[in-house]
Protein chains: 2
Amino acid sequence: MTTITAAEVVDLRFPTSVMLDGSDAMNPDPDYSAAYLRLHTDAELTGHGFVFTIGRGNDIQATAVASVGERLVGRQVDGLCEHVAGLAHELLWDSQLRWLGPDKGVIHMAIGAVINAVWDLRVRREGRPLWESLLALSPSEIVELVDWTYLSDVLDPGQARELLEERRPNRTDRLAAVESDGLAAYTTGPGWLGYTDDKLADLCRQAVNDGFGLVKLKVGHDLGDDHRRLAIARDVLGSEVEIAVDANQRWGVDQAIEWVQALSGHDLRWVEEPTHPDDVLGHATIAEAIAPIPVATGEHLANAVLAKQLLQVRGTGILQVDATRVGGLHEQLAMLMLAAQAGVDVIPHAGGIGLCEAVQHIAFFNAIALAAEPGRLMLEHVDHLHEHMAAPVDVRDGAYHLPRLPGSGTALVDGVDASFGYPTGTEWSL
Amino acid sequence: MTTITAAEVVDLRFPTSVMLDGSDAMNPDPDYSAAYLRLHTDAELTGHGFVFTIGRGNDIQATAVASVGERLVGRQVDGLCEHVAGLAHELLWDSQLRWLGPDKGVIHMAIGAVINAVWDLRVRREGRPLWESLLALSPSEIVELVDWTYLSDVLDPGQARELLEERRPNRTDRLAAVESDGLAAYTTGPGWLGYTDDKLADLCRQAVNDGFGLVKLKVGHDLGDDHRRLAIARDVLGSEVEIAVDANQRWGVDQAIEWVQALSGHDLRWVEEPTHPDDVLGHATIAEAIAPIPVATGEHLANAVLAKQLLQVRGTGILQVDATRVGGLHEQLAMLMLAAQAGVDVIPHAGGIGLCEAVQHIAFFNAIALAAEPGRLMLEHVDHLHEHMAAPVDVRDGAYHLPRLPGSGTALVDGVDASFGYPTGTEWSL
């Protein structure tokens, strides 16, 4: 019997603010960070999970991950892996911890990291990548992973099972398609707000060369800048490559509508995070006003209850599920199923540190087992910090290709702690 | 010039679970707790703020409060007190901390505690209770405390100012009324789910003797128990004393409707927290289905953006603003104004440790300066743990009476840390 012997948590921070990588209208100087958890066992087996943050406060998040992770020490790996849904229920319905959310913010993300670390451990034990393990589960097994308490007025377990069953005959073809062509990637790399016009133009040129079909630009700080930068990007990209814009919640509802209408001549593929992520009704108002340009959002959706409502009111045309924002894999699966029922495409949020590696498993599972139109799907890509991941993404010719190594993509290479541990790592103490 | 010299944070926990005080359908064994902040200065002056939690996880919350509070050390008290809105903006729009919410959960409550501690310091310096200091501000000054970014599509600063101006001529009469009669209190004391039927009946008898006009019972664990306990309460209380019920988020939307309809013969004054606090649309569905019984909710509303929407869809008939859930006094004021505009009564959540003492200031300010019908207002009361508060509530004849001591009600008596500090206090280490 293998036992969890330690829940090691480390505060990792990468000094991305130095180059203004990741800068947008709300986040001028992020230091991409991870409250990172390693579950150790008395065998060779380990499990890895994390919460992505952007710097200050990563210590608070790490404290929460450690506090929740500590509960697993001394438990049997067999039991945990065979009944991860039971662990999720135990943690998410712990009444005292729940008071700190409920189902949102620091405590919710911490629980998510712990659940995901157990999944990482589970699929490593199986010797498979996460997406493949999920495909090996029956529709009923997938449905049973989800907590339907607050969702079943819109989608109940029976309907969710039907959704999965309906797509089941297409799986072989869909798997063959992604094995051959991958899943389309789009790039946010050129569009950070802190980059000069020249750097924007250069990176747009590179995006074309790299085969990306869509480039995303940050907007919302200054309308004149937005016009100028969009014109530069369009000039380089031509009409073949699409452009999406991302305001990172910068606007109130009325301002969002005015600003997007002012930019609407730039042929925008979508408008991302126009306002506060909790404003379900505000998103609906914006979506109606700026149609046919779709709203896209999701990276800051705290839970599936908010996703349910956003889809109910057609407040988003694209759901951007995040790798570490919600209460773990089970809640991500719930969001995929809610989106499938609503006929809304899932184009996950990625970037940061480790988000691409982690969320691609969900994206591939969705494309193969759930989505209505897998050909319309994409996945965000930002080409930095991948060198720290033990199983970095395989992005070629503008597409993600199936990860083949065992695990959920969350493991780091050796030595990251010594360099990027905060504040004592060599990158910070120099 | 007075300077902040320390932000002292202590993890306080009271072993309320031993007596099942506070037990409900979701929280079987709470230990009422506070992540408690004391701002010390180089003068006699101190400022007190806290986040209420129910036990496990209070250490995580305390870590967050300490991390945010630390930023104030070394700053001038004058500047902080004269421009608390500036501090709130600095903390709530810190892009890196905001990633941990945004505007929700552990980080948001921590920022709220820090803002409230500065308010406590400010009004102590003025030598006034908080409600009185708020009344001394002009409508414009009140409106300027609030961040309208995500609210102004429904209520803009001009409209908010008008609301306050409209009620201004009534202030003298309203103040005289609460000075004479106080603000009606209702009691949750008899209705905890863990109490025996005999204890329920005894406490209902006592509630009648104490002059309370409404008793709240916890429901949602077992329908048969709910029927029986409601019948016992009604038998003791007669038809003069109202009964409200509280499910503490136990139900999904459909289950809430069924359960409440089954209980509707018990003449219920309101149904509290029928489902997940983030489910704005679910609340609207429930409210419509169970009318004319109103829904009441608010203690777990993470922010004013959610309150705005809940009021937009008429998802609640009573808004139960909490003392420590949101980002401090400014966000509570925003919620009061949103409720006033919607014509929805504010009947704050209280109980716990210190919540009655803190939230009464908001309740009195609302009754005097904002509410449409102050005669309809009430404030929750639970008669325990008040002995630990330096300025305990004055509840007599079923009413709260105006607090007169300087401060915002958040200060503790000396010696609490030594007894209830966790885990080293004498109450925990015995």
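Residues numbered from 1 in each chain as written. Chains lettered and ligands numbered in written order. Predicted model: local features only at pLDDT ≥ 70, side-chain atom pairs only at ≥ 80, totals over all residues.

We now examine the sheet that holds strand β3 (residues 46–53) of chain A. Residue and element names in this part refer to chain A. Reading across the sheet, the three strands line up as β1-β2-β3 and stay open at both edges, with antiparallel pairing between neighbours. Both outer strands of the open sheet, β1 (4–13) and β3, are each paired with one neighbouring strand and no more. On average, each strand axis in the sheet is tilted by 15 degrees relative to the strand beside it, whichever way the strands run. Of the strand pairs in this sheet, β1 and strand β2 (residues 33–41) are connected by nine bridges, and their pairing is antiparallel. Bridge pairing links Arg13 to Ser33 in β2. Contacting β1, β2 and β3, helix α1 (residues 58–69) crosses the sheet at an angle of about 175 degrees to β1. (Pairing = 2+ DSSP bridges. Helix = DSSP H or I, 4+ residues; strand = E, 2+ residues; numbered from the N terminus. Axes fitted to C-alpha atoms, helices over the stretch in contact; angles between N-to-C directions. Contact = placed C-beta atoms within 7 Å.)

The next thing to look at is the sheet that holds strand β1 (residues 4–13) of chain B. Residues and elements named next belong to chain B. Read from one edge to the other, the open sheet built from three strands follows the order β1-β2-β3, with strand pairing classed as antiparallel. Where the open sheet ends on each side, the last strands, each with one partner, are β1 and β3 (46–53). Pairwise comparison of adjacent strand axes, ignoring direction, gives a mean angle of 15 degrees for this sheet. Packed on one face of the sheet, helix α1 (residues 58–69) meets β1, β2 (33–41) and β3 and runs near 175 degrees to β1.

Glancing now at the relation of the copies chain A and chain B. Mapping chain A onto chain B leaves a residual RMSD of 0.0 Å; the transformation is a rotation of 180 degrees accompanied by 0.0 Å of translation along its axis. What the rotation and shift describe, once combined, is the action of a two-fold rotation axis. Across chain A, the smallest distance between a C-alpha and the rotation axis is recorded for Gly105(A), namely 2.4 Å. Taken together, the interface assignments show that 100% of the residues at the interface of chain A recur at the interface of chain B, consistent with an identical surface on both copies. (Least-squares fit on C-alpha atoms with pLDDT ≥ 70 in both.)

Here the focus is the interface of chain A and chain B. Counting residues at the interface gives 50 residues for chain A and 50 residues for chain B. Those elements that place two or more of their residues in the side of chain A that touches chain B are α1, α4 (95–98), α5 (105–126), α12 (253–263), α13 (280–290) and α14 (304–312) of chain A. Per-element tally for the side of chain A that touches chain B: the top contributor is α1(A), with six residues. Among the residues forming the side of chain A that touches chain B, the class breakdown is 20 nonpolar, 22 polar and eight charged. (Nonpolar A, V, L, I, M, F, W, Y, C, P; charged D, E, K, R; others polar.)

Contact geometry for α5(A) and helix α5 (residues 105–126) of chain B: axes closest at 3 Å, N-to-C directions at 155 degrees. In terms of orientation, α5(A) and α5(B) fall into the roughly antiparallel class. The residues of α5(B) that touch α5(A), namely those facing Gly105(A), Val106(A), Ile107(A) and His108(A), are Gly105(B), Val106(B), Ile107(B) and His108(B). Partitioning the contact of α5(A) with α5(B) into residue classes produces four nonpolar, four polar and no charged. (Parallel < 35°, antiparallel > 145°, perpendicular 65-115°, else oblique.)

For the rest of this paragraph, the subject is the packing of helix α12 (residues 253–263) of chain B against helix α13 (residues 280–290) of chain B. Residues and elements named next belong to chain B. The contact between α12 and α13 brings their axes to 9 Å, and the two run at 25 degrees. Considering their axes alone, α12 and α13 lie roughly parallel with respect to each other. Considering how the two elements wind past one another, α12 and α13 form a crossing that is right-handed. Where α12 abuts α13, its residues Val253, Ala256, Ile257, Val260 and Gln261 lie against Gly282, Thr285, Ile286, Ala289 and Ile290. Among the residues making up the contact of α12 with α13, the classes are represented as seven nonpolar, three polar and no charged. (Left-handed = near helix turned anticlockwise from the far one by under 90°.)

Val114(A) and Val114(B) are the most contacted members of the largest nonpolar core, which has 313 residues in total. With sequence-adjacent residues up to four places away left out, Val114(B) is seen in contact with Leu37(B), Gly49(B), Val65(B), Val68(B), Gly69(B), Leu72(B) and Leu91(B). (Core = buried A, V, L, I, M, F, W, Y, C linked by C-beta atoms within 7 Å. Buried ≥ 20, exposed ≤ 12 C-beta atoms within 10 Å, placed from the backbone.)

Residue and element names in this part refer to chain A. The domain architecture assigned to chain A consists of domain 1 (4–127) and domain 2 (164–401). Domain 1 and domain 2 are separated by 24 Å when their C-alpha centres are compared. Listed as interface residues are 29 residues of domain 1 and, on the opposing side, 29 residues of domain 2. At the level of secondary structure, the elements contributing two or more residues to the side of domain 1 that touches domain 2 comprise β3, α3 (84–92) and α5. Of the residues forming the side of domain 1 that touches domain 2, the biggest block, nine residues, is contributed by α5. A per-class count over the side of domain 1 that touches domain 2 returns 18 nonpolar, seven polar and four charged. (Domains from an automatic or database assignment.)

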